[in-house]
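# Architecture and fold: a report
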Amino acid sequence: MNKKYVAEPYRIKMVEPIFETTREQRIELLKNAGYNPFSLRSEDVYVDLLTDSGTGAMSQEQWAHMMTADEAYAGSKSFYKLDGVVKHITGYKYFIPAHQGRGAEQIVLPQLVTKKGMYFISNIHFDTTRAHVELAGARAIDCVIEECFQIDLDHPFKGNFDLKKLDEIIIEKGKENIAGIIMTITNNSAGGQPVSFENMVEVQKISKKYGITLLIDGARYAENAFFIKEREKGFSDKSILDIARMTFDLADIFMMSAKKDGLVNMGGIIAIKDNEHLFKLCQTYIVPYEGFPTYGGLSGRDMEALAQGLMEALDMRFLTHRIDQIRYLGDMLKEAGVPIQYPIGGHAVFVDCGKIAPHIPYDQYPALSVTNALYIEAGVRGVEIGSLLLGRDPDTHVNLKSPIEFMRLTIPRRLYTYQHLDVVGKAMIEVFKHRDQLTGYEFSYESPMLRHFTSTFKPVKKG
Ligand code: F0G
């Protein structure tokens, strides 16, 4: 396709107004939010790149199917429709809906923790996954390749597991103490970086060798399949569905935040390949936590929208445009010299704020500083994915240091146009030009868990 003529593969049928604010207003709004962008009201944000989770636009088909939903408490026909779609995509025998990804995590993960002192190993655990691992009484170990942290290094699959390290960790901790291996695809915290099929096959071999359960945390599994198709030998002729199916074949359990590649505003998936005992356990626990197993925290219309959205997310025209939008913003920043994780990942541009503001120590949160400056510049909301998010060691309470201080500019699906991305790019370049003026932040209140969401801050006074 001639690059010059690429545009959004949709027309806009319904519009939601967004509003600009003045710089003076934004300074005040941010102060009132305790310098935590999570506490800003969305109406005070012009372009919201906080997350791609549940923030995308649904299609006319999704909205149409919602009208036909069955809202029965038990045995809804919308459940059976979704059940069919999930089984068609995964090839798994069992499916239970959950209200979102963490709903799935809170049901599945505790079932695998059978005693004290157990571990989960992932390429990188997402924050809520880590939290649920810890709540289940286990510990989370990340095991991604070293190349992941070299942001300028051109590596096609920076989300990959370090296979040697994985093997060593299992031997060191003892295979009987590993509750599960979680393949996070794409690897969100590393920059939406994909995991290669070859790497996943090797992870499966290791899991089989030691008899360890293999899970997929597949919030963005379709984007991962897109990268496999684009970059890995032998996959260019395969469909996204084929690649997804091959990926699911490798694992035992699939947990999904459907708010990403399910193209819905709310939803989650638990799918289990063939372990009937585990399925029965999850079915039992889903009732008090999420709801009856044929709705699991979702309304019938949510399940209708998800059944349709899962299929739309496998469409190559959609995926090509989606990834192109991320690259458009990323290339703009890279050309201006802004340090970003490269190659550009699947759902967001990850800006290396440690490089932008080396004068701010890790425990004064350089990426929060850049995020706040970007909001003040143009009302654009990004999100810190660095030492603030990483939190404290659950045992020693020492402030952990993230290998990279990222700010994530996360692009929702089908929501913004290329012009919105121009605003973001220009504003970020402006912040970059004045990077010497950035200052760090310290806590005025630190919440005890998942502290990035609800803590408040104050700027650290210079000198
Ligand atoms: N796993 C991954 C890889 C995720 O990215 C997320 C959420 C979850 C699990 C939890 O799913 O939000 O539906 O409960 N990620 C969002 C984000 C919140 O902004 O990256 P959830």
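Residues numbered from 1 in each chain as written. Predicted model: local features only at pLDDT ≥ 70, side-chain atom pairs only at ≥ 80, totals over all residues. Heavy atoms only, no water.

Let us now look at the side chain of Gln193. If you trace the backbone, Gln193 turns up in the loop between β5 (178–184) and α7 (197–210). Accessibility expressed as a relative area gives 0% for Gln193, which makes it buried. Beyond its immediate sequence surroundings of up to four residues, Gln193 is in contact with Lys158, Gly159, Thr186, Asn187, Gln341, Pro343, Ile344 and Gly345. (Helix = DSSP H or I, 4+ residues; strand = E, 2+ residues; numbered from the N terminus. Buried < 20%, exposed > 50% of the residue type's maximum accessible area, 1.4 Å probe, protein only. Contact = heavy atoms within 4.5 Å.)

Okay, the sheet that holds strand β9 (residues 348–352) next. Within the open sheet, the three strands sit side by side as β9-β12-β11. Their pairing is antiparallel. Taken across any chain shown, the strands that pair with only one partner, and hence form the sheet edges, are β9 and β11 (383–385). When the angles between neighbouring strand axes are averaged without regard to direction, this sheet yields 35°. In this structure, β9 lies alongside strand β12 (residues 406–410), joined through five bridges in antiparallel fashion. (Pairing = 2+ DSSP bridges. Axes fitted to C-alpha atoms, helices over the stretch in contact; angles between N-to-C directions.)

So, about the layout of surface pockets. Roughly 1400 Å³ of volume is contained in the largest pocket. Around the largest pocket sit 35 residues that line it, and Met14, Ala57, Met58, Arg414 and Leu415 are the ones nearest its centre. Mapped onto the lining of the largest pocket, the elements with two or more residues apiece are α2 (60–66) and α12 (316–335). In terms of residue count, α2 provides more of the lining of the largest pocket than any other element does, three residues in total. In terms of residue class, the lining of the largest pocket is made up of 17 nonpolar, eight polar and 10 charged. (1 Å grid on protein atoms, 1.4 Å probe; cavity = no way out; pocket = protein on both sides within 12 Å on 5 of 7 lines; lining within 4 Å. Points joined across faces, edges and corners; volume = space filled by probe spheres on them. Nonpolar A, V, L, I, M, F, W, Y, C, P; charged D, E, K, R; others polar.)

Turning our attention to the pattern of salt bridges. Throughout the structure, instances matching the rule amount to 26 salt bridges. The partner of Glu223 in a salt bridge is Arg322, with the nearest N and O atoms 2.7 Å apart. A residue pair is termed long-range when its members are at least 10 positions apart, and Glu223 in helix α8 (residues 221–231) and Arg322 in helix α12 qualify at 99 residues. The pair Glu223 / Arg322 is uniform in exposure class, with both members buried. Put simply, Glu312 and Arg414 hold a salt bridge, and the shortest N to O gap is 2.9 Å. Of the two residues, Glu312 sits in helix α11 (residues 300–312) while Arg414 sits in the loop between β12 and α16 (418–433), which places them 102 residues apart along the sequence. Taken individually, Glu312 and Arg414 each receive the classification buried, so the pair is uniform in this respect. Ionic contacts of the salt-bridge type, sharing partners, join the residues Asp52, Arg220, Glu223, Asp261, Arg322 and Arg413 into one network. (Salt bridge = Lys/Arg side-chain N within 4 Å of Asp/Glu carboxyl O.)

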